[in-house]
Amino acid sequence: MQSKSSIMYILILVVLIWYHFFDYVGFSSFSSIFNGICYVAAVVMFIISANAISFEKYKLPTLILISTILSMFMSNILWNQEMFDIIKGFRCYFLILVFFFLCAKNADVQEVEKALVMLAIIYVCCWIYQTLKVPELIFGMDRDGDLGNTEQRGFYRFWIPTKENMPILLLYFFEKYRRTKHIAYLILVPVCLLIIVFHVGRQMIFWSFLSFVILILYHYRTQWKKIALSAVIVYALFNIMVDYVPTLNLLFAQTETQVDSAEDDIRLKSMNFYWEQSVKNPAGFLFGNGIGGGGELQKFTEDATMKGYYESDIGYFALLFDFGLFGLVTYILLFVQILRMKIDDKYIYLKCYLIYIYGSYALAHALTTNIFFNMCAIYIIYHSQCRNVQAEFND
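Counting of residues starts from 1 at the beginning of each chain's written sequence and follows it residue by residue. Reporting of local features is limited, given that this is a predicted model, to residues whose pLDDT is at least 70; pairs of side-chain atoms are given and counted only at 80 or more, and all residues count toward the totals for whole chains, interfaces and linings. Values shown for side chains rest on all heavy atoms present in the structure; no hydrogens or waters enter the calculation.

### A look at the side chain of H20
(1) Moving on: A helix here means a DSSP run of H or I that spans at least four residues, while a strand means a run of E at least two residues long, and both kinds are numbered starting from the N terminus. Structurally, H20 can be placed in helix α2 (residues 20–23).
(2) Moving on: Relative accessible area serves as the criterion here: at 10%, H20 is assigned to the buried category.
(3) Moving on: With residues up to four places along the chain from it excluded, the contact list for H20 reads S31, F34, N35 and R91. Here's how the labels work: a residue is buried when its accessible area is under 20% of the maximum for its type, exposed when over 50%, partly exposed in between, all with a 1.4 Å probe on protein chains only. We call two residues in contact when some of their heavy atoms are within 4.5 Å.

Structure, rendered in structure tokens:
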């Protein structure tokens, strides 16, 4: 088995390099160097993982990898993308290989879990520091052109990579409290809830709360008094936040406005646009169009963005366009398989984490842009399931 500490450090280093240290502005001049390291690392990861890529052992993760490769070819066939542009566009998707890398190394699940948690904590530290430095940009990108603008959502909205992974801390700290009863973990739960709210993303807020409630209901499903008490506490916390956090009121108002004017909602127009593009070509509909890293596909993506049609706003419609029906169905089947797996109770929170990821993906982009964290969570679940089945067999 690989050295415990080395696996954790390798995973953390991979994310830091792949996402340019959370797009730290001081390293912007090193972007091409970081990308070059990523390409080399992806090749090394593939070589190490080759024997672990198995349709027999890991059918659905292998099909996701195949879907990604097919999508790369389709971007060349349908959009005449050059090889360099294809590699550039799929750079972050190469992290699908991390699942097979961990399998090949027989990585310790606790170290993989530590890496996920540590990366989320590092991200929170970057987010807090960026909040303190507004209007100066330190991490991420300023897509709105006014980093200090709080009129629409009630708080700053940053575009820092891996933010979708942050809610794992909410579920992790609750699980740690449930098993250890250490009050420090319980205190961190409302802190995480507050940080999630201040991310001013409606999908993140809604699905984080829902996955948190599901986790509570699962663990206390036979203890109705604790369920009732938990429900009262969650309800009270939510009402306190609504009363004392103006951000939530603004987000509710924004949602109400969009519902009232659904015909003019930009997300619905984006869905319709990408649906029409998806069904236009039968081959593209089945196997996808790829990711724009340059050439005609990049121009198409930029033109759509100019119209306000962001793939990051339409989740599964974007997945259909990028990876086709084959990719869409495979991702959904993987989710269903994970929900049906019998695993150690201490890792149920990772199932809830994936419920949050898949749920928020409906109107966001957490499933694919968050692929590294998803594949790590899936590895832990698979490994926990294997140990569970083995234990039953031995008994």
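From this point on, the discussion continues.
### So, unusual backbone geometry
(1) Moving on: Between V134 and the following residue, P135, the backbone shows a cis peptide bond with an omega angle of 10°.
(2) Moving on: Looking at the element boundaries, P135 is found in the loop between α7 (109–133) and α8 (168–180).
(3) Moving on: Even without a glycine there, the phi angle at H20 is positive, about 50°.
(4) Moving on: Even without glycine at this site, V200 takes up a positive phi of about 45°.
(5) Moving on: Among the structural elements, V200 can be located in the loop between α9 (183–197) and α10 (202–219).

### Looking at a nonpolar patch on the surface
(1) Moving on: The patches reported here contain residues having more than 30% relative accessible area and no salt bridge. Joining distances are 9 Å for like charges and 5 Å for nonpolar side chains (Val, Leu, Ile, Met, Phe, Trp, Tyr). For every accessible area listed, the method is Shrake-Rupley and the probe measures 1.4 Å; residues are considered covered only by the protein chains on display. Salt bridge, as applied in this entry: a Lys or Arg side-chain nitrogen positioned within 4 Å of an Asp or Glu carboxyl oxygen. A surface patch of nonpolar side chains, about 400 Å² in accessible area, is lined by I183, L186, I187, L188 and V191.
(2) Moving on: Along the chain, L186 falls in helix α9.
(3) Moving on: According to the relative accessible area criterion, L186 is partly exposed, its value standing at 32%.

### Considering the packing of helix α4 (residues 59–79) against helix α6 (residues 97–105)
(1) Moving on: Axis separation between α4 and α6 bottoms out at 10 Å; the angle between their running directions is 135°. Relative to α6, α4 is oriented oblique. In terms of crossing hand, the pair formed by α4 and α6 is left-handed. Residue-level contacts link P61, T62 and L65 of α4 to L97, F99 and F100 of α6.
(2) Moving on: Residues of the contact of α4 with α6, tallied by class, amount to 5 nonpolar, 1 polar and no charged. For helices, the axis comes from a line fit to the C-alpha atoms of the stretch in contact; other axes are also lines fit to C-alpha atoms, and the angle between any two N-to-C directions lies between 0 and 180 degrees. Between 65 and 115 degrees an angle is taken as roughly perpendicular, under 35 as roughly parallel, over 145 as roughly antiparallel, and anywhere else as oblique. Left-handed describes a crossing whose near helix is turned anticlockwise from the far helix through less than a right angle; right-handed describes the clockwise counterpart. When residues are grouped by polarity, Ala, Val, Leu, Ile, Met, Phe, Trp, Tyr, Cys and Pro land in nonpolar, Asp, Glu, Lys and Arg in charged, and all others, Gly among them, in polar.

### Details of the packing of aromatic side chains
(1) Moving on: Paired rings are identified among Phe, Tyr and Trp, the last through its six-membered ring, by centres lying within 6.5 Å, and are further divided according to the angle between planes into stacked (under 30 degrees), edge-to-face (over 60) and tilted (the rest). This model, assessed by the stated rule, comprises 35 aromatic pairs.
(2) Moving on: Taking 5.2 Å as the distance between ring centres and 75° as the angle between the ring planes, the aromatic pair formed by Y274 and F321 counts as edge-to-face. On the criterion of sequence distance, the pair formed by Y274 in helix α13 (residues 266–279) and F321 in helix α16 (residues 316–340) is long-range, its members being 47 residues apart. The same class applies to Y274 and to F321, which are both buried.
(3) Moving on: The rule is short: NZ of Lys or CZ of Arg within 6 Å of the ring centre and within 35 degrees of the ring normal puts a charge over the ring. Just above the ring of Y177 sits the side chain of K181; from NZ or CZ to the centre is 5.4 Å.

### Re the environment of H199
(1) Moving on: Tracing the backbone through its elements, the reader meets H199 in the loop between α9 and α10.
(2) Moving on: Separated by 42 residues in sequence, H199 and R157 place their C-alpha atoms 6.5 Å apart.
(3) Moving on: In this structure H199 touches Y123, W127, K163 and M204, once residues within four positions along its chain are discounted.
(4) Moving on: Separated by 2.8 Å, the side chain of H199 and the backbone oxygen of I195 make a polar contact. Here a polar contact means two N or O atoms within 3.5 Å. Within protein one must be a hydrogen donor candidate and the other an acceptor candidate, and residues neighboring in sequence count only if both atoms are side-chain atoms.

### Observations regarding the environment of I122
(1) Moving on: Mapped onto the elements, I122 comes out in helix α7.
(2) Moving on: On the basis of relative accessible area, I122 is assigned to the partly exposed category, the value being 26%.
(3) Moving on: Non-local contacts of I122, meaning those with residues more than four positions away in its chain, are made with I12 and F22.

### With respect to the pattern of salt bridges
It is possible for side chains bearing opposite charge to pair when their charged atoms get close.
(1) Moving on: Taken as a whole and judged by the stated rule, the model has 6 salt bridges.
(2) Moving on: K133 is the partner of E136 in a salt bridge, and the nearest nitrogen-oxygen pair spans 3.8 Å.
(3) Moving on: Given the relative accessible area of 42%, E136 is considered partly exposed.
(4) Moving on: Linking E175 and R179 is a salt bridge whose minimum nitrogen-to-oxygen distance equals 3.0 Å. Of the two residues, E175 and R179 are both situated in helix α8; the distance of 4 residues between them amounts to about one turn of the helix.
(5) Moving on: The buried category is assigned to E175, whose relative accessible area is 1%.
(6) Moving on: Judged by its relative accessible area of 39%, R179 is partly exposed.
(7) Moving on: Through salt bridges with shared partners, one network takes in E175, R178 and R179.

### Things to note about the state of the cysteines
(1) Moving on: The definition used for a disulfide is geometric: two cysteine sulfur atoms within 2.5 Å. Taken as a whole and judged by the stated rule, the model has 0 disulfides.
(2) Moving on: The thiol of C125 is not disulfide-bonded; the next cysteine sulfur, from C126, is found 6.9 Å away.
(3) Moving on: According to the relative accessible area criterion, C125 is partly exposed, its value standing at 48%.

### Digging into the nonpolar core
(1) Moving on: We call a set of buried Ala, Val, Leu, Ile, Met, Phe, Trp, Tyr and Cys residues a nonpolar core when their side-chain atoms join them within 4.5 Å. Grouped together as the largest cluster of nonpolar side chains are 111 residues, with contacts concentrated most on W18, F99, L102, V112, Y353, F372 and Y379.
(2) Moving on: When residues no more than four places from it in sequence are discounted, the contact partners of F99 are Y58, P61, M375, I378, Y379 and Y382.
(3) Moving on: One finds M271, F273, I314 and F321 within the second-largest nonpolar core, a separate group that totals 11 residues.

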